[in-house]
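Structural characterization, general
The chain contents come next:
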Amino acid sequence: MTNCIVKNPATGAVLAEIPIDSVEAIKVKIAEGAEAFKSWKKTSAHERAALLMAWSALIKKNRQQLGELITAENGKPIKEALGEVDYAVSYIDWYAEEAKRMYGRTIPAHVPNKRIIVTREAIGLVGAITPWNFPAAMMTRKAAPALAAGCTFIVKPAEETPLTTIRLIELAHEAGFPTAVVQSILADGPTVGEIFTSSPEVRKITFTGSTPVGKWLMERSAQSVKHMTMELGGHAPIIIAEDADLDLAVEQTVIAKFRNAGQTCVSPNRLLVHANIADTFVEKLTKRVDLLRVGNGMDNHNEVGPIINKKGFDKIVNQLNDAVEKGAKVVIGNEFDFDEGADYYFVQPTILTDVTADMKMMQEETFGPVIPIVTFTSIDEAIDVANNTPYGLAAYFFTESYKMGNYIAEGLHFGILGWNDGAPSGAHVPFGGMKESGIGREGGSEGIEPYLETKYLSMTI
Ligand SMILES: NC(=O)c1ccc[n+]([C@@H]2O[C@H](COP(=O)([O-])OP(=O)(O)OC[C@H]3O[C@@H](n4cnc5c(N)ncnc54)[C@H](O)[C@@H]3O)[C@@H](O)[C@H]2O)c1
Ligand SMILES: O=C[C@H](O)CS(=O)(=O)O
């Protein structure tokens, strides 16, 4: 593969053909990043914060261009894409501040003639690998804390959506970051995974993507005991309790489910509804879903864009066919607009009922605008079903009872919980999963920790 061909998933039109970096070129960039670390780590937190704020200002100045770039290569509706630019830059703003709060501490010694000082130091060159579903935010969610901590940074974006990352790195250099301090490379995942995991100069790998790839990277990184941050797959449940505010639950379910056409790691993959209110809830949800406009994201009226590629489309169709063959009832959707020749794929928002645990979509991530509905009669049954997958990223629940809400929250094994809230993400919170959804957190005060080493000095005076 000599060129990366970037397509518009809404039309199949070729947007760009970008030369792939050779293995040798990638290794040169890694060496340059490792060398640049020697001086970059000595900059002051205030210098790094100022550069981050300069980068933030340039991104905000180029918001419309970046939003249109995201829609062009990812397909999401322009309103969502502009929202992603805002989301991406909020990580830079947040970590420009956190850079100044990398506090150490002193520890009272056990003998009078000793003093003990604890300091925080940057880990080194960070190798980042990011997915196509949030080409801006998934990169800045890593670059911002890494650079704030004093690390140098090299990122490989998804081959589907490299243009946004390339533009963001250009803006970082325009803002004043030295070229070798923050870089992008373009090559296929396995090649870069091989290079990053085997390079002694890459001291940390931060990956956002599927759980199988994350496991492969972890296995290979064990050879050099690399620091790892893994933001992996999810299979979010929504629990609708008997006393839920159904109108609120419908609106928040639509927000959580159909963002990015369901192609988010925190997208609800199962909807567990109390049997006593199921019919009313399904009727309300169906009416709302039926209003969703599907089409090219550059049309402001459209709310659901295309599926990123044929592979993603085929996975969704396969899961739908499996569910219907096993007895699921299609309430709305299960309709498609696609052209393999032109290479674009749209899935109509779909609701299924009469879903059973043996159906693929109840265990496998769908990554599409499809929501299977299962009923329950006791909250303990719902919590057990919700926890019964290898994933633990995000979970949502709707109840008006303080007691019930806390009971559910304490019973769910997920890193991210939304209580009457379908949009819990943000730069200020520690985003990440339990179980096979990952290791580490991104965002919040916790999000800079993965880029720091802790050192202590014990001195005799
Ligand atoms: N937890 C999170 O924050 C989060 C966020 C977004 C997406 N995801 C997950 O990502 C998945 C969807 O994204 P995707 O289909 O692009 O995932 P993916 O794992 O196929 O690809 C993600 C990135 O990894 C690269 N890659 C692929 N194979 C690789 C390998 N062997 N070694 C190194 N890199 C490799 C890809 O080129 C891409 O840049 C879903 O499972 C979703 O849940 C998780
Ligand atoms: O898909 C992955 C993203 O992390 C989802 S969110 O935008 O951070 O909620």
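Residues numbered from 1 in each chain as written. Chains lettered and ligands numbered in written order. Predicted model: local features only at pLDDT ≥ 70, side-chain atom pairs only at ≥ 80, totals over all residues. Heavy atoms only, no water.

1. Quick notes on the overall build of the protein chain
Regarding its fold elements, the protein chain presents 13 helices and 22 strands. The C-alpha radius of gyration of the protein chain comes to 23 Å, within 12% of the 23 Å expected for a compact globule of 461 residues. By principal-axis analysis of the C-alpha atoms, the protein chain measures approximately 75 × 60 × 40 Å. In the protein chain, once contacts between residues fewer than 6 apart in sequence are set aside, the share between residues at least 24 apart is 72%. Surface accessibility of the protein chain: about 18,700 Å² in total, with carbon and sulfur atoms responsible for 54%. Computed over 44 positive and 57 negative side-chain charges, the inter-centroid distance for the protein chain is 9 Å. (Helix = DSSP H or I, 4+ residues; strand = E, 2+ residues; numbered from the N terminus. Rg over C-alpha atoms; globule rule 2.2 N^0.38 Å. Contact = heavy atoms within 4.5 Å. Areas by Shrake-Rupley, 256 points an atom, 1.4 Å probe, with all protein chains shown as cover. Lys, Arg positive; Asp, Glu negative; His and termini not counted. Charge placed at Lys NZ, Arg CZ, Asp CG, Glu CD.)

2. Points about the layout of surface pockets
Approximately 1,100 Å³ is the volume found for the largest pocket. Along the walls of the largest pocket sit 41 residues, with Trp132, Gly209, Ser210, Val213 and Lys311 positioned nearest its centre. Secondary structure elements with two or more residues in the lining of the largest pocket: α5 (137–149), α7 (189–198), β8 (202–208), α8 (211–221) and α11 (310–325). No other element matches α8, which puts 5 residues into the lining of the largest pocket. Taken together, the residues that form the lining of the largest pocket break down as 19 nonpolar, 13 polar and 9 charged. Residue-level mapping places the lining of the largest pocket at the junction of two domains, with at least three residues from each of domain 1 (3–232 + 437–460) and domain 2 (236–426). Put simply, the second largest pocket is a space of about 350 Å³. Lining the second largest pocket are 17 residues, with Lys79, Glu80, Phe258, Leu292 and Glu303 positioned closest to its centre. If you list the elements that add at least two residues to the lining of the second largest pocket, you get α4 (78–98) and α9 (246–258). For the lining of the second largest pocket, the element with the highest residue contribution is α9, accounting for 4 residues. In terms of residue class, the lining of the second largest pocket is made up of 6 nonpolar, 4 polar and 7 charged. Shared between two domains, the lining of the second largest pocket holds at least three residues of each, these being domain 1 (3–232 + 437–460) and domain 2 (236–426). (1 Å grid on protein atoms, 1.4 Å probe; cavity = no way out; pocket = protein on both sides within 12 Å on 5 of 7 lines; lining within 4 Å. Points joined across faces, edges and corners; volume = space filled by probe spheres on them. Nonpolar A, V, L, I, M, F, W, Y, C, P; charged D, E, K, R; others polar. Domains from an automatic or database assignment.)

3. Here we look at the packing of helix α12 (residues 379–387) against helix α13 (residues 402–411)
When two helices pack together, their arrangement is given by the angle between their axes and by how far apart the axes lie. The contact between α12 and α13 brings their axes to 10 Å, and the two run at 30°. Looking at the two axes, α12 sits roughly parallel to α13. As α12 runs across α13, the sense of the crossing is right-handed. Touching Ile379, Asp380, Ile383 and Asn387 of α12 are Met404, Tyr407, Ile408 and Gly411, all from α13. In terms of residue class, the contact of α12 with α13 is built from 5 nonpolar, 2 polar and 1 charged. (Axes fitted to C-alpha atoms, helices over the stretch in contact; angles between N-to-C directions. Parallel < 35°, antiparallel > 145°, perpendicular 65-115°, else oblique. Left-handed = near helix turned anticlockwise from the far one by under 90°.)

4. Quick look at the site of ligand 2
Ligand 2 sits among Tyr87, Asn133, Phe134, Met138, Arg141, Arg259, Thr264, Cys265, Val266, Ser425 and Phe431. In the shell around ligand 2, the residues fall into 6 nonpolar, 3 polar and 2 charged. Both domain 1 (3–232 + 437–460) and domain 2 (236–426) contribute no fewer than three residues apiece to the shell around ligand 2. (Near = heavy atom within 4 Å.)

5. Re the sheet that holds strand β22 (residues 452–460)
Strand order across the open sheet formed by 3 strands is β3-β4-β22, with antiparallel pairing between neighbours. Looking at strand neighbours, the two that pair on one side only are β3 (105–107) and β22, the edges of this open sheet. In this sheet, adjacent strand axes meet at a mean angle of 25° when their direction is disregarded. In the sheet, β3 pairs with strand β4 (residues 114–122) via 3 bridges, with the strands oriented antiparallel. Residue pairing for β4: Arg105 is matched across the bridge by Val118. (Pairing = 2+ DSSP bridges.)

6. Structural notes on the pairing of strand β18 (residues 394–398)
With 5 of its 5 residues buried, β18 lies for the most part within the structure. Neither face of β18 is open: one carries Ala394, Tyr396 and Phe398, the other Ala395 and Phe397, and all of them are buried. In this structure, strand β10 (residues 236–240) lies alongside β18, joined through 3 bridges in parallel fashion. Residue Ile239 lies in a different strand from β18, and its bridge partner there is Phe397. Bridge count between β18 and strand β19 (residues 416–419): 4 bridges; the pairing is parallel. Of the residues in β19, the one forming a bridge with Ala395 is Leu417. (Buried < 20%, exposed > 50% of the residue type's maximum accessible area, 1.4 Å probe, protein only.)

7. Some details on empty space enclosed by the protein
To find leftover empty space, a probe the size of one water molecule is rolled over the atoms. Tallying each qualifying case throughout the model produces 2 cavities of 30 Å³ or more. Counted as a void, the largest cavity has a volume near 80 Å³. Taken together, Tyr87, Phe134, Met138, Arg141, Arg259, Thr264, Cys265, Val266, Ser425 and Phe431 form the lining of the largest cavity. Counted by class, the lining of the largest cavity contains 6 nonpolar, 2 polar and 2 charged residues.

8. Some points on unusual backbone geometry
Unusually for a residue other than glycine, Ala261 sits at a positive phi of about 55°. Residue placement: Ala261 occurs in the loop between α9 and β11 (268–274). In this structure Ala261 comes out as buried when scored by relative accessible area, which is 2%.

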